[in-house]
Amino acid sequence: MTDPFITAANISEIPIGQVKPVQLQGKLLLVCHTAEGFYAIDDTCTHDDGPLGDGWLDGNAIECPRHGARFDVATGKVLCLPAAVPINAYRVKVEGDEVKVNVNETVPK
């Protein structure tokens, strides 16, 4: 069986409190590094389709720069309006110095 996890970044590329936009299998994702670890989410706000990668990471929350919607990067849950629909959060694992994402498996919301 083939490993469904794809390398998205090296650990050293994303300091704690930072994000890195990536494209994996045609999906625009955002790899986020918090004090709790690495997370991967869709890089698109569900409120107005703006890029979350231009926003601010505060703990486990990412804030959209356009209208202030906030999402939990671990689960994709909406934390603040105007967004009402959660984003997808994907399974992540770290192997050696690589951050890997399974773009076919989302985290339950």
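Residues numbered from 1 in each chain as written. Predicted model: local features only at pLDDT ≥ 70, side-chain atom pairs only at ≥ 80, totals over all residues. Heavy atoms only, no water.

What the rule picks out here adds up to nine salt bridges. One salt bridge in this structure joins Asp-3 and Lys-93, with 3.3 Å as the shortest N-O distance. Placement of the pair is Asp-3 in the segment before β1 (6-10) and Lys-93 in strand β9 (residues 89-95), with a sequence separation of 90 residues. Here Lys-93 falls in the partly exposed class, since its relative accessible area comes to 25%. Salt-bridge contacts for Arg-70 lead to Glu-63; the nearest nitrogen and oxygen are separated by 3.2 Å. A residue is classified by how much of its surface remains accessible, and Glu-63, at 24% relative accessible area, is partly exposed. Each of the salt bridges in this network shares a partner with another, and the network as a whole consists of Asp-3, Lys-93, Glu-95, Glu-98 and Lys-100. (Salt bridge = Lys/Arg side-chain N within 4 Å of Asp/Glu carboxyl O. Helix = DSSP H or I, 4+ residues; strand = E, 2+ residues; numbered from the N terminus. Buried < 20%, exposed > 50% of the residue type's maximum accessible area, 1.4 Å probe, protein only.)

Next up on the list: the pairing of strand β10 (residues 98-106). Of the pairings in the sheet, the one linking β1 to β10 comprises four bridges and is antiparallel in character. Bridge pairing in β10 places Asn-10 opposite Glu-98. Sheet topology note: the β9/β10 ladder contains six bridges and is antiparallel. Bridged to Val-92 within β10 is Val-101. Hairpin connection, β9 to β10: the antiparallel pair is bridged by two residues, and Gly-96 has positive phi, about 60°. (Pairing = 2+ DSSP bridges.)

The next subject is the sheet that holds strand β8 (residues 78-80). One open sheet accounts for four strands, arranged β5-β6-β7-β8; its pairing is antiparallel. Of all strands in the sheet, those with a lone pairing partner are β5 (56-58) and β8, marking the two edges. Across this sheet, the average inter-strand angle for adjacent strands is 30°, counted without regard to direction. (Axes fitted to C-alpha atoms, helices over the stretch in contact; angles between N-to-C directions.)

If you look at the biggest cluster of nonpolar residues, it comprises 17 residues, and the most contacted ones within it are Ile-41, Leu-52, Ile-62, Phe-71 and Val-73. Every element with two or more residues in this core is listed here: β3 (27-34) and β4 (37-42). Excluding its chain neighbours within four sequence positions, the residues that come into contact with Ile-62 are Val-19, Leu-30, Ile-41, Leu-52, Trp-56, Leu-57, Ala-69, Arg-70, Phe-71 and Val-73. Counting residues in each nonpolar core, the second largest holds 13 residues, with Ala-9, Leu-29, Phe-38 and Val-99 among its members. (Core = buried A, V, L, I, M, F, W, Y, C linked by side-chain atoms within 4.5 Å. Contact = heavy atoms within 4.5 Å.)

Read these as geometric descriptors, not functional statements.
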